[in-house]
Amino acid sequence: MDQMNPNKALWEKGDFTRIAASMRESGEALVSTLGITTGLKILDLGCGDGTTAVPAAKLGADVLGVDIARNLVEAGNQRAAEQGLTNLRFREGDATNLVGLQDNTFDLVVSIFGAMFAPKPFDVAKEMVRVTRSGGRIVMGNWIPNDPTLVAQILKISAAYTPPPPEGFISPMTWGIEANVVERFASAGISGSNISFLRDTYRFNFAGGPSELVDVFRRYYGPTMNAFEAAEKSGRTEDLRKELEALFESQNTSRRKDVTSIPATFLRVTVKVN
Ligand SMILES: C[S@@+](CC[C@H](N)C(=O)[O-])C[C@H]1O[C@@H](n2cnc3c(N)ncnc32)[C@H](O)[C@@H]1O
């Protein structure tokens, strides 16, 4: 795969495992609602190091995790090996073109804050539908633009410090707009009546204070790393740090000083594939 692919470079730049560590409980809770049974064939697309793929495999599903970032695929395979999950494997791939995956294969395609970050959203919708078997489902978790909760605000603040994206760039956040989701799946042959939406919540649980969690995002989360790099060049590092700290502190619901717990709202999309 082309190392100059900016989408791949963004996610290999940091180390998302450091953020994912604070998302494990929510990943497990979400997976427990998916009706997973032994032998169900699942594709977890944009799987990271397996926050949802690992609990799905623990429920007995046959899980393939696909992610564009080589370091996250390695981390996922390591977690699968450590946990003795022989029904779970991870491999590199791009949601815009799922080379090597046959049509009509998976009972369930899951993509939690994953495929939304790929470019070419119409291609992504087509690929997800193509690899889902008829009678199967697609479940996406997508952050919502302008939502007041954590992740939408991190991305909004980060974008304000980062140079504008190239012309024609489609914001990942548009996957959090119902009309866009319907349009993208319609172009892949799915009727709007087969798509349902629900607002759901992920909770970031971190063993440390809010400013330490900001530091984790600053050091390991690609979009925030880019924002800090740009802010440094324009002498605005402190402004960005303060803005993010104020956000994390205001959203923290933990009463303990050594623990941060922040809920974040997302759009949960379920698509029935005929
Ligand atoms: C916010 S992380 C979420 C990871 C994981 N789903 C989780 O819940 O922890 C976004 C993930 O999408 C992956 N990703 C971004 N663009 C992708 C693409 N075009 N194809 C496959 N994966 C992609 C990134 O490498 C990263 O692991």
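We now turn to the structure provided with this report. (Residues numbered from 1 in each chain as written. Predicted model: local features only at pLDDT ≥ 70, side-chain atom pairs only at ≥ 80, totals over all residues. Heavy atoms only, no water.)

1. Section: unusual backbone geometry
Across residues other than glycine, the phi torsion is negative in most instances, and most of the peptide bonds are trans. For clarity, the threshold we go by: Only DSSP runs of H or I with at least four residues qualify as helices, and only runs of E with at least two residues qualify as strands; both kinds are numbered from the N terminus onward.
Positive phi, close to 50°, is recorded for Phe-113, a residue that is not glycine. The backbone phi angle of Asn-146 is positive, close to 65°, even though this residue is not glycine. Structurally, the position occupied by Asn-146 is in the loop between strand 5 (132-143) and helix 7 (150-161).

2. Some points on the site of the ligand
Our working definition: For this description, a residue counts as near a given molecule or strand if any of its non-hydrogen atoms is within 4 Å of it. In this description, accessible areas are obtained by the Shrake-Rupley approach with a 1.4 Å probe, and a residue is regarded as covered only by the protein chains that are shown. The distinction between a cavity and a pocket rests on a 1 Å grid over the protein atoms alone: a 1.4 Å probe fits inside a cavity but cannot get out, while a pocket stays open yet meets protein on both sides within 12 Å along at least five of seven lines, and a residue with an atom within 4 Å of a point counts as lining. Whether a molecule sits in a cavity or pocket is decided by its atoms, more than half of which must lie within 2 Å of the grid points. Residue polarity is assigned by list, with Asp, Glu, Lys and Arg as charged and Ala, Val, Leu, Ile, Met, Phe, Trp, Tyr, Cys and Pro as nonpolar; anything else, Gly included, falls into the polar class.
The local shell around the ligand holds 19 residues, among which Asn-7, Gly-46, Asp-67, Ala-95 and Ile-112 are the closest. Considering the ligand on its own, with 590 Å² of exposed area, one finds that the protein chains cover 99% of that surface. Using a 2 Å cut-off from the grid points, one finds that the ligand occupies the largest cavity. Class assignment of the residues belonging to the shell around the ligand gives a composition of eleven nonpolar, six polar and two charged.

3. Re the pairing of strand 1 (residues 41-45)
Using the following cut-off: Summary of the burial criterion: residues with accessible area below 20% of their type's maximum are buried, those above 50% are exposed, and those between are partly exposed, where the area comes from a 1.4 Å probe applied to protein chains only. A pair of strands counts as paired when DSSP detects no fewer than two bridges linking them. When the strands point away from the viewer and the connection leading from the first strand across the helix to the second strand turns clockwise, the crossover is called right-handed.
With four of its five residues buried, strand 1 lies for the most part within the structure. With five bridges joining them, strand 1 and strand 2 (residues 62-67) adopt parallel strand pairing. Of the residues in strand 2, the one forming a bridge with Leu-45 is Val-66. In this fold, the crossover linking strand 1 to strand 2 by way of helix 4 (residues 53-58) has right-handed handedness. In this structure, strand 1 lies alongside strand 4 (residues 106-112), joined through three bridges in parallel fashion. Across the sheet, Asp-44 pairs through a bridge with Val-110, a residue of strand 4.

4. Section: helix 11 (residues 237-251)
Convention followed: The span expected for a helix works out to 1.5 Å for each residue beyond the first. Directions drawn from the helix axis to the C-beta atoms are what define this arc.
Over its 15 residues, helix 11 extends 21 Å from the first C-alpha to the last, a length consistent with the 21 Å expected when each residue adds 1.5 Å. Buried within helix 11 are the following residues: Thr-237, Leu-240, Leu-244, Glu-245, Leu-247, Phe-248 and Gln-251. Along the long axis of helix 11, the arc covered by the buried residues comes to 160°, so they all point the same way. The exposed residues of helix 11 that point more than 90 degrees off its buried face are Lys-242 and Ser-250.

5. Focus: helix 3 (residues 24-31)
This is how it is decided: In what follows, a contact means two residues having at least one pair of non-hydrogen atoms within 4.5 Å.
Taken together, the buried positions of helix 3 are occupied by Ser-26, Gly-27, Leu-30 and Val-31. The buried residues of helix 3 occupy one face: seen down the axis, they fall within an arc of 135°. Looking at the buried residues of helix 3, the elements they touch are helix 4, strand 4, strand 6 (195-206) and strand 7 (260-272).

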